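# Fold and geometry: a report
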Amino acid sequence: MTGGIQIFHESTVPFEESPMGRGVRLRWVISKASGAPRYAMRVFEVDPGGEIPLHQHWYEQEMYVLEGEGMAGDADSEQPIGPGTVLYVPPNHPHRMRNTGKGVLRFICVIPH
């Protein structure tokens, strides 16, 4: 898909198991493959009890929680997250997320290529 505006439902993009964490899968809903030259948008799902362990990378991340309950933070502290929570992670800052709820934790994550 390249060219003009693209409108589609996220469910048309298959899930991939995340190599990082336990009980984590994601959809690359916008990527270089879809013609986006600078940023990628991913939709993550974390199963109850699942987690993305402490990690860091060269790029910043912006996240928006769609549904579910969990905890997010860095090596020093964690805060509760839920629908409507916005997270900004600066480049090279260690961070983690875990699902503490009974349902799936779903969030959007935007990163540069």
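A brief look at the structure comes next. In this text the structure is predicted, and so the values were computed from the model without any measurement. (Residues numbered from 1 in each chain as written. Predicted model: local features only at pLDDT ≥ 70, side-chain atom pairs only at ≥ 80, totals over all residues. Heavy atoms only, no water.)

### Here's the deal with the layout of surface pockets
Empty space within the largest pocket amounts to approximately 300 Å³. Taken together, 19 residues form the lining of the largest pocket, with A72, G73, D74, Q79 and L87 sitting closest to its centre. Listed by contribution, the elements that provide at least two residues to the lining of the largest pocket are β5 (70-73), β6 (78-81), β7 (86-89) and β8 (95-99). It is β7 that contributes the most residues to the lining of the largest pocket, four residues altogether. In terms of residue class, the lining of the largest pocket is built from 11 nonpolar, six polar and two charged. Empty space within the second largest pocket amounts to approximately 240 Å³. Looking at the second largest pocket, it is lined by 19 residues, and the ones nearest its centre are M20, R42, F44, H55 and Q61. Of all the elements in the fold, those that place two or more residues in the lining of the second largest pocket are β2 (22-30), β3 (39-55), β4 (61-67), β8 and β9 (105-112). Here the lining of the second largest pocket gets four residues from one element, more than from any other, and that element is β3. Split into classes, the residues belonging to the lining of the second largest pocket amount to 11 nonpolar, five polar and three charged. (1 Å grid on protein atoms, 1.4 Å probe; cavity = no way out; pocket = protein on both sides within 12 Å on 5 of 7 lines; lining within 4 Å. Points joined across faces, edges and corners; volume = space filled by probe spheres on them. Helix = DSSP H or I, 4+ residues; strand = E, 2+ residues; numbered from the N terminus. Nonpolar A, V, L, I, M, F, W, Y, C, P; charged D, E, K, R; others polar.)

### Comments concerning the packing of aromatic side chains
If you walk through the whole model with that rule in mind, you get two aromatic pairs. Pairing F44 with F107 gives two aromatic rings, centres 4.9 Å apart and planes at 0°, and the pair type is stacked. Here F107 lies in strand β9 and F44 lies in strand β3, a separation of 63 residues in the sequence. For F107, a relative accessible area of 1% gives the class buried. Ring geometry for W58 and Y59: centres 5.2 Å apart, planes at 85°, overall edge-to-face. Under the relative-accessibility criterion, Y59 is labelled buried at 17%. The aromatic ring of F15 is capped on one face by R25, whose charged end is 5.6 Å from the ring centroid. Sitting over the face of the ring of F15, R27 holds its NZ or CZ atom 3.8 Å from the ring centroid. (Phe/Tyr/Trp six-rings, centres within 6.5 Å; stacked < 30°, edge-to-face > 60°. Buried < 20%, exposed > 50% of the residue type's maximum accessible area, 1.4 Å probe, protein only. Lys NZ or Arg CZ within 6 Å of the ring centre and 35° of its normal.)

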